[in-house]
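The residues making up each chain are set out below.
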Amino acid sequence: MSLALADPKKRSTVSGPVSGEPWAVIDGWAGQKGYRLVAGAGTPTRTYQKGIGFLVAPTMLVASLDGGTLTIQGWVQPTLLARLLALFLIPAETNIGTSGLVMIIPRRMANGVVNELLAQLGLPKIP
């Protein structure tokens, strides 16, 4: 997975300046919060995932460093079973903002955890 220009309904995106390498902070946060690195080890764009997606929708996070600007994207990726039971009315990706009713519980949980990371990095929070 990579950083993509995304519809705000699908992925929450925050960018801002950072000083130095943010990877130690991001990797430390990921380990504490149950996220694992799934792609991009050692590269400027890394993908983290929490959950395996069997019964609980996994939460995804992509961090991309371009010069001194860090961009973070977060979203919930509903399971195929959840989408099937909802007759595919649930989109394949849902942002982690707190507005809206679709998948509200996993989105709010992810919002709080990702906002902790953003605070550590000095970036604006996701509303």
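Here goes a summary of the coordinates provided. (Residues numbered from 1 in each chain as written. Predicted model: local features only at pLDDT ≥ 70, side-chain atom pairs only at ≥ 80, totals over all residues. Heavy atoms only, no water.)

## Quick notes on the packing of helix H1 (residues 23–33) against helix H3 (residues 104–121)
We apply this condition: All axes here are fitted lines through C-alpha atoms, helices being fitted over the stretch that makes contact, and every angle between N-to-C directions spans 0 to 180 degrees. Secondary structure elements follow DSSP: runs of H or I of four or more residues count as helices, runs of E of two or more count as strands, with numbering from the N terminus. What sets the label is the angle itself: under 35 degrees gives roughly parallel, over 145 gives roughly antiparallel, 65 to 115 gives roughly perpendicular, and the rest give oblique. Two helices that cross are described as forming a left-handed crossing if the nearer one is turned anticlockwise from the farther one by less than a right angle, and a right-handed crossing if clockwise. Whether two residues touch is decided by their heavy atoms; if any such pair falls within 4.5 Å, the residues are in contact. Three residue categories are used. Nonpolar comprises Ala, Val, Leu, Ile, Met, Phe, Trp, Tyr, Cys and Pro, charged comprises Asp, Glu, Lys and Arg, and polar comprises the others, including Gly.
In the contact formed by H1 and H3, the axes pass within 10 Å of each other and the chain directions differ by 155°. Classified by the interaxial angle, the pair formed by H1 and H3 is roughly antiparallel. Here the hand of the crossing between H1 and H3 comes out right-handed. Contacts from Val25, Ile26, Trp29 and Lys33 in H1 reach Val113, Val114, Glu116, Leu117, Gln120 and Leu121 in H3. Within the contact of H1 with H3, the residues separate by chemical class into 7 nonpolar, 1 polar and 2 charged.

## Digging into H3
Threshold: Expected span of a helix, by definition, is 1.5 Å for each gap between consecutive residues, and there is one gap fewer than residues.
The terminal C-alpha atoms of H3 lie 25 Å apart, and with 18 residues this matches the ideal 26 Å at 1.5 Å per residue to within 8%. Those residues of H3 hidden inside the fold are in contact with strand S1 (12–17), H1, strand S4 (59–66), strand S5 (69–76) and strand S6 (94–95). Where H3 ends, the next residue or the one after it, Gly122, has phi of about 75°, a positive value.

## A look at a nonpolar patch on the surface
Our working definition: Residues forming no salt bridge and having over 30% relative accessible area are the ones grouped into patches, like charges within 9 Å of each other and nonpolar side chains (Val, Leu, Ile, Met, Phe, Trp, Tyr) within 5 Å. Here the Shrake-Rupley method, with its probe set to 1.4 Å, supplies the accessible areas, and only the displayed protein chains count as covering residues. One speaks of a salt bridge when a side-chain nitrogen belonging to Lys or Arg is within 4 Å of a carboxyl oxygen belonging to Asp or Glu.
A cluster of nonpolar side chains, contributed by Ile52, Phe54, Leu55, Val56, Leu80, Leu81, Leu84, Leu85 and Phe88, occupies part of the molecular surface with about 1100 Å² of accessible area. Mapped onto the elements, Phe88 comes out in the loop between helix H2 (80–85) and S6.

## As for unusual backbone geometry
Applicable threshold: Residue burial is assigned from relative accessible area. The probe radius is 1.4 Å, only protein chains are included, and a residue is buried under 20% of its type maximum, exposed over 50%, and partly exposed in between.
In the Ramachandran plot, Leu87 falls in the positive-phi region, its phi being about 55° despite a non-glycine side chain. When you line up the elements, Leu87 lands in the loop between H2 and S6. Residue class for Leu87 comes out exposed when judged on its relative accessible area of 68%. Its identity is not glycine, yet Phe88 carries a phi of approximately 60°, on the positive side.

## Concerning the pattern of salt bridges
Under the criterion given, the structure shown has 3 salt bridges. The residue Lys33 makes a salt bridge to Glu116 at a minimum N-O spacing of 2.8 Å. With Lys33 in helix H1 and Glu116 in helix H3, the pair connects residues that are 83 residues apart, well separated along the chain.

## Topic: the packing of aromatic side chains
Given two aromatic rings, one states the distance between the centres and the angle between the planes to describe the pair. Heads up, the rule is: Two rings from Phe, Tyr or Trp (for Trp, the six-membered ring) form a pair when their centres sit within 6.5 Å of each other. Planes less than 30 degrees apart are called stacked, planes more than 60 degrees apart edge-to-face, and all others tilted. A ring is considered to have a charge above it if a Lys NZ or an Arg CZ atom is located within 6 Å of its centre and within 35 degrees of its normal.
Per the counting criterion, the structure on display carries 1 aromatic pair. Above the face of the Trp75 ring, Arg11 is positioned so that its terminal group lies 3.7 Å from the ring centre. Residue placement shows Arg46 over the ring face of Trp23; its charged tip is 4.0 Å from the ring centre.

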